[in-house]
Amino acid sequence: MASPRRSVEGRPLGASASSNSSSPGSPAHGGGGGGGSGRFEFQSLLSSRAAGVDPTCARLRASESPVHRRGSFPLTAAGPSQAPPPTLPEEDRMDLNPSFLGIALRSLLAIDLWLSKKLGVCAGESSSWGSVRPLMKLLEISGHGITWLLGTLYCLYRSDSWAGREVLMNLLFALLLDLLVVALIKGLVRRRRPAHNQMDMFVTLSVDKYSFPSGHATRASLVSRFILKHLVLAIPLRVLVILWAFILGLSRVMLGRHNVTDVAFGFFLGYMQYSIVDYCWLSPHNAPVLFILWNQQ
Ligand SMILES: CC(C)=CCC/C(C)=C/COP(=O)(O)O
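Throughout, residues of each chain are indexed from 1 in the direction in which the sequence is written. pLDDT decides what is reported in this predicted model: residues at 70 or higher carry local features, side-chain atom pairs at 80 or more are listed and counted, and totals for whole chains, interfaces and linings draw on all residues regardless. To get the side-chain values, take all heavy atoms of the structure and skip hydrogens and water.

Considerations on helix H11 (residues 215-230)
Within an α-helix, residues lying three or four positions from one another point in the same direction, as the helix has 3.6 residues per turn. Here a strand is any run of E in DSSP of at least two residues, a helix any run of H or I of at least four, and the numbering for each starts at the N terminus. Helix span, as expected, comes to 1.5 Å for every residue beyond the first. Taking 1.5 Å as the rise per residue, H11 with 16 residues should run 22 Å; its terminal C-alpha atoms sit 22 Å apart, in good agreement. Burial classes: relative accessible area under 20% of the type maximum marks a residue as buried, over 50% as exposed, and values in between as partly exposed (1.4 Å probe, protein chains only). A large share of H11 lies buried, amounting to twelve of its 16 residues. Elements in contact with the buried residues of H11: helix H8 (133-142), helix H9 (145-158), helix H10 (162-189), helix H12 (235-254) and helix H13 (260-279). Contacts described as polar in this section are N or O atom pairs within 3.5 Å, which, within protein, must combine one atom able to donate a hydrogen with one able to accept it, while residues neighboring in sequence count only if both atoms come from side chains. In this structure Ser214 caps H11, since a side-chain oxygen of it lies 3.4 Å from the backbone nitrogen of His216. The contact rule is simple, with two residues in contact once any of their heavy atoms fall within 4.5 Å.

Regarding the layout of surface pockets
Where empty space is left can be seen by rolling a probe of water-molecule size over the atoms. Within this model, the largest pocket holds a volume of roughly 300 Å³. Put plainly, a pocket is an open set of points on a 1 Å grid over the protein atoms alone with protein on both sides within 12 Å along at least five of seven lines, a cavity is a set where a 1.4 Å probe fits but cannot get out, and a lining residue has an atom within 4 Å of a point. Contributing to the lining of the largest pocket are 22 residues, with His144, Leu179, Leu205, Asp208 and Arg219 lying nearest its centre. For the lining of the largest pocket, the elements supplying multiple residues, two or more each, are H9, H10 and H11. Grouping the constituent residues of the lining of the largest pocket by class yields ten nonpolar, six polar and six charged. Grid points are joined across faces, edges and corners, and a volume is the space filled by probe spheres set on the points. Side-chain classes are defined by residue name, with Ala, Val, Leu, Ile, Met, Phe, Trp, Tyr, Cys and Pro counting as nonpolar, Asp, Glu, Lys and Arg as charged, and the others, Gly among them, as polar.

Digging into the UniProt feature "transmembrane region" (unreviewed entry) in the protein chain
When the UniProt feature table is mapped onto this chain numbering, "transmembrane region" (unreviewed entry) sits at residues 171-189, 231-251 and 263-282. When the span residues 171-189 is considered, its composition is 100% helix and 0% strand, and the gap between its end C-alpha atoms is 27 Å. For residues 263-282, helix accounts for 85% and strand for 0%, while the C-alpha atoms at its two ends are 29 Å apart. UniProt positions are given in the numbering used here, feature names are shortened, and annotations may be inferred rather than shown by experiment.

Below, the structure is given as structure tokens:
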């Protein structure tokens, strides 16, 4: 039975292409002998990497070099007495044979960084859209955790109906859940904020030095879904709520606070968090203590 370790080792870089285009055993083919071919190519890559050379170029050059041509023949014509090539450390094999997912993720990250830098037009006063920065910072306050927590507590205090209190109690629960989940993920992922960000945000927690996911984006998406579900609003107001959430997310990238993926994932996370809140909906029936305690205030 083939172990995962063997399957990684036995899948040479570019082996499928070369096996179609060159004859087995030719120098370009890298030996052609099944697992031997893979080992040979990894060996060239490893030695070039150790010498500080770009592995891709080195691989091409290595397959053309007379030294490697000579080296490839014994592998092809290797008899049973031929000593096997030295085994490479596991991490090198993995590193030199990136999966499709790995390549896709790296490409996505490269596009993310490039796009985020391009969109960070309000990252500083001297940036191309620097004059819009105060407006973006106002938007930032409109989606800040403190603004929403204080606003909800105030409305809860002023609320005189059971139905209103129930909705606000759940909004409070949603906001606290969001702060907790975002802090946990930020602490786990520890992705640094973009280099062009100025850390001049109003009231932050220690994990807010990290950028993934955007707390403002999760809140915008969570709160807007909550409002759309529980408040009876005219269509123009509903559109305004969605626009606010979208522009708030965009402003995070424009201010240079976040990369695009931080905000995109934030929107997704906030949307999912609402589903949790909806599922665990607190009511006088399933959480009577909360409501009785609040009533006694
Ligand atoms: C202090 C409290 C209660 C919340 C902090 C809210 C905050 C500053 C989140 C960071 O948001 P981004 O991740 O979008 O920058």
